[in-house]
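Structural features, examined
One letter stands for each residue in the lines below.
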Amino acid sequence: MRSRRAGEVNFRKQSQEMKMNMKRRAVILMAVFIMSMGGRAEGDVSQPENLALGKACKTFSTIEDWGWALEKLTDGQTGTVGWSSKAFSAYADHSLYPEFIVVDLGVSVEVDRVVLHPRGDGERAGKGFPKDFSIHVCHEGEPWQEILQKKDYPQPETRAGQSFSFEDVTGRYVKVEATGLRKVQGKHYFQLAELEVFGQKIADVPLEDEAIPAEALTVASRLRCENRDNPVGIDATNPRFSWWMDSSRRGEWQTGYRVLVSSREELLAQDKGDLWDSGMVKSDQSIAVVYDGAPLDSGKQYWWKVQLADRDGKELPWAEPATFVTAKMNAEDWQGQWIGANADTHHGAVYLRKEIDVTKPVKRGMVHFSGLGLSEFYIDGEKVGHVDHGPGFTTYNKRTQYLTFDVTDHFTTTGPKALAVVLADGWYALGSEPWGHNFQNNPYVDKPKLLLDLHLEHTDGTETVFTSDESWKWSKGEITFSWIAREDIDLRKANPGWDKPGFDDSGWQPVAVVDGPAGKLVHQKEPSCRIVEELKPVTVSYDKQSKKYTYDFGREFTGWVRFDTSGEDGNVIKITVVPSGGAHARTARFILAGTGGRERYEPRFWYNSIQKVVIEGVTKVPELEDLTGVLISSSWQPGGQFRSSDDLVNWLHNAARRTSINYTTYLPNDASREWKAWMEDPQNMFVANCYMFDAQTLYERWQWDIIDGQRADGNCPNVAPGAFFDNFNSPWWGGCIAWVPWHWYLHYGDA
């Protein structure tokens, strides 16, 4: 009995093992079958659905010819030529202008895999597949989420689909963005036969009701004075205050305001306005509320804040305080004298310096200066302020602008200090006109000059003022020719350490006290021009016949170039900047000092429209990293943002934004030909600029330029500042004397 039972147990064990082995074999066979069908092996035995099949696509560019077509991307056919990009095919690097494919899946889905099928036509199968690309997913109207990125992806050798799996991500749109392309028949293209997207459809998530806090918070925010945030340097005797009303309460509005302005921060903290307390004014006005308090002193910091009343008349909490700093409130407040070189520099830059001794600790330092035509101010070798090409160009016999900076951080210690200024011609000392309008004959044109007041407020309550006067010295230097359209640099003539204490200036000459411009001195209103972006070229090539090297940035920008090289003493290098299209190229001379190390050409008072740069005369072979493009603009403060689920619309918006940045230095002007502010430009770009940038002070300043150029008979100029008239003048140009203030009022509400 025992042996029979044991045999039955063995039989059962063998039967169970056979059943288990059969199950394992079945599972393995099923998994192999599913994988061969391209599906998932995690319990899903059905073939996965290509969610992109038949769906609409959008691309940056498309060749609609020779068999290529956009609709072929999602037609289910993988053995064809399919789709091809078109734009900027001369360049492999598309990081600035990515070629992209966006497929609209129609509904929200969970995406876990994208398959890209290379072109499948004969011997060219596998070609056109991008080298650098990324895959993105997003919902309607939301930012793209990058799912994966590939760099130096191998070139497929066949038409076999390239599968890219990732963790589930939800969205409606899938984008493939290519930034590095390969050559196909001599051009760079992004080419695919088919785009497939795999995943699972999901139900739309219903919108939730907005949660409204029981105690909704309402307060004033973004307090502005003279249309600027915490401005340093205003000369309005009755400045204008503005603010926003922030509230989480639906349908809220302002029914009243109370403004306090104080001479000391601690007084404002006690809700005391010793200069002005408007009291609670019943009004919904939040723009250009005019100061109506005690007279403001020059060069002082003031504190202010605002309290609002809500729609029920309830007084709300005080806003966070803001500040403003006055400049020179009256012409007689200036203590310095206009100074300049006592000899002709033949349009080379003027280098000015003075050493001072600070004997007492400094609580606060302020400098006000106007360096004409263009200038830079240094303290102990450090440039003051993020300003390039300042102050802004005006009709100098009507108005001349100056700048104000807080320089307290430059006086953290006592002892000797060096004040240094570089003056360049700009428009004020113009020697020749870049475009035939004879601005060099304008009545204000004169030699470069400086007016400067430096105020140091000490911890003991006293003040020391250092000014521009006959005690300063001047010399020539490395900038041997300075023009708005060109700048030559000879490093053999540099004065190392000239802007620092202890420099031996015994060989420098005394300055001359000169007459200043006839125009009224006003503080600069518009945003200062500054460096916005630095760019690297995408290619550099060599022409054996001309022995010239040509850099190409692959895009156009406004600014200058920084070039590093090395060579012998006296080596003359020509640097030519070329705008898009090739016309109006400008050439500068760069002479090396032969130091044995790397030497740099970088102008500071010149700008041009640039796409290519031609280098001639180098002894060291230039490389890509030797050249940098420096983009400058006055349009650097965002005024608004835009995005959509349509990449083409986003690209168009970005193109408009970059065009405006390139076109605006002191005012909108053409940096490839004339460098002047034509009066029809507001009608072309005013609305776009107001939405994209904080352009309020720029267009306010331009209104004064039109008035400065107006003739006695009422006729208004084609070009302002500088004032130019021609026979083409019409309401499209001179009529902007009415058009600009009216539209400025409509957009900004400041009457």
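Quick note: structure is the one above.
A few points on the structure. (Residues numbered from 1 in each chain as written. Predicted model: local features only at pLDDT ≥ 70, side-chain atom pairs only at ≥ 80, totals over all residues. Heavy atoms only, no water.)

**Here we look at the sheet that holds strand β14 (residues 240–247)**
- One open sheet accounts for 4 strands, arranged β12-β11-β14-β18; its pairing is antiparallel. Because the sheet does not close on itself, it has two edges, and the strands there are β12 (228–229) and β18 (289–290).
- Judged from the 2 bridges that link them, β14 and β18 form a sheet pairing that is antiparallel. Looking at the pairing, Arg240 lines up with Val290 of β18. (Pairing = 2+ DSSP bridges. Helix = DSSP H or I, 4+ residues; strand = E, 2+ residues; numbered from the N terminus.)

**Here we look at the pattern of salt bridges**
- Enumeration according to the criterion identifies 46 salt bridges in this entry.
- For the salt bridge of Lys328 with Asp453, the shortest nitrogen-to-oxygen distance reads 2.9 Å. With Lys328 in the loop between β20 (322–326) and β21 (339–340) and Asp453 in strand β28 (residues 449–458), the pair connects residues that are 125 residues apart, well separated along the chain.
- Note that Glu534 is salt-bridged to Arg562, the shortest N-O span being 2.9 Å. (Salt bridge = Lys/Arg side-chain N within 4 Å of Asp/Glu carboxyl O.)

**Brief notes about the packing of aromatic side chains**
- Under the definition given, this model contains 38 aromatic pairs.
- Relative to Phe377, the ring of Phe369 has its centre 5.5 Å away and its plane inclined at 50°; by these criteria the two rings are tilted. For the pair Phe369 and Phe377, a shared accessibility class is recorded, and that class is buried.
- Plain terms: the ring middles of Phe590 and Tyr601 are 5.5 Å apart, the flat faces sit at 55° to each other, and that makes the pair tilted. On the criterion of sequence distance, the pair formed by Phe590 in strand β40 (residues 586–591) and Tyr601 in strand β41 (residues 599–601) is long-range, its members being 11 residues apart. Across the pair, Tyr601 and Phe590 agree in class, each one buried.
- Above the face of the Trp636 ring, Arg530 is positioned so that its terminal group lies 3.7 Å from the ring centre. (Phe/Tyr/Trp six-rings, centres within 6.5 Å; stacked < 30°, edge-to-face > 60°. Buried < 20%, exposed > 50% of the residue type's maximum accessible area, 1.4 Å probe, protein only. Lys NZ or Arg CZ within 6 Å of the ring centre and 35° of its normal.)

**Focus: the packing of helix α3 (residues 647–663) against helix α4 (residues 681–692)**
- In the contact formed by α3 and α4, the axes pass within 11 Å of each other and the chain directions differ by 115°. It follows from the interaxial angle that α3 and α4 lie roughly perpendicular. In the packing of α3 onto α4, the handedness of the crossing is left-handed. Every residue of α4 that contacts α3 at His653, Ala656, Arg657, Ser660 and Tyr663 is listed here: Asp681, Met685, Asn689 and Met692.
- Of the residues belonging to the contact of α3 with α4, the class tally is 4 nonpolar, 3 polar and 2 charged. (Axes fitted to C-alpha atoms, helices over the stretch in contact; angles between N-to-C directions. Parallel < 35°, antiparallel > 145°, perpendicular 65-115°, else oblique. Left-handed = near helix turned anticlockwise from the far one by under 90°. Contact = heavy atoms within 4.5 Å. Nonpolar A, V, L, I, M, F, W, Y, C, P; charged D, E, K, R; others polar.)

**A few points about unusual backbone geometry**
- In this structure, the amide linkage connecting Gly390 to the following residue, Pro391, adopts the cis form with an omega of -5°.
- With respect to the helices and strands, the residue Pro391 is situated in the loop between β25 (382–383) and β26 (399–406).
- Omega for the peptide link from Ala720 to Pro721 comes to 10°, which places this bond in the cis form.
- Here Pro721 is to be found in the loop between α5 (696–709) and α6 (736–748).
- If you check the backbone angles, Asp152 has positive phi at about 55° while not being a glycine.
- Positionally, Asp152 belongs in the loop between β5 (145–150) and β6 (162–180).
- Since its relative accessible area comes to 53%, Asp152 is described here as exposed.
- For Asn227, which is not glycine, the phi torsion reads 65° and is therefore positive.
- Relative to the assigned elements, Asn227 resides in the loop between β11 (218–225) and β12.

**With respect to the sheet that holds strand β33 (residues 509–510)**
- As summarised here, the arrangement of the 6 strands in space is β25-β24-β27-β22-β30-β33, forming an open sheet in which the pairing is antiparallel. Either end of the sheet is taken by a strand with one partner, and the two such strands are β25 and β33.

**Remarks on the nonpolar core**
- Counting 83 residues, the largest nonpolar core has Trp427, Ile575, Val613 and Ile615 as its most contacted members.
- Here the element with the most residues in this core is strand β38 (residues 548–565); it accounts for 7 residues.
- Dropping the residues within four chain positions of it, Val613 is found in contact with Tyr549, Thr550, Tyr551, Phe553, Val561, Ile575, Thr576, Val577 and Leu627.
- With 30 residues, the next largest nonpolar core counts Ile101, Val103, Val176 and Phe190 among its residues. (Core = buried A, V, L, I, M, F, W, Y, C linked by side-chain atoms within 4.5 Å.)

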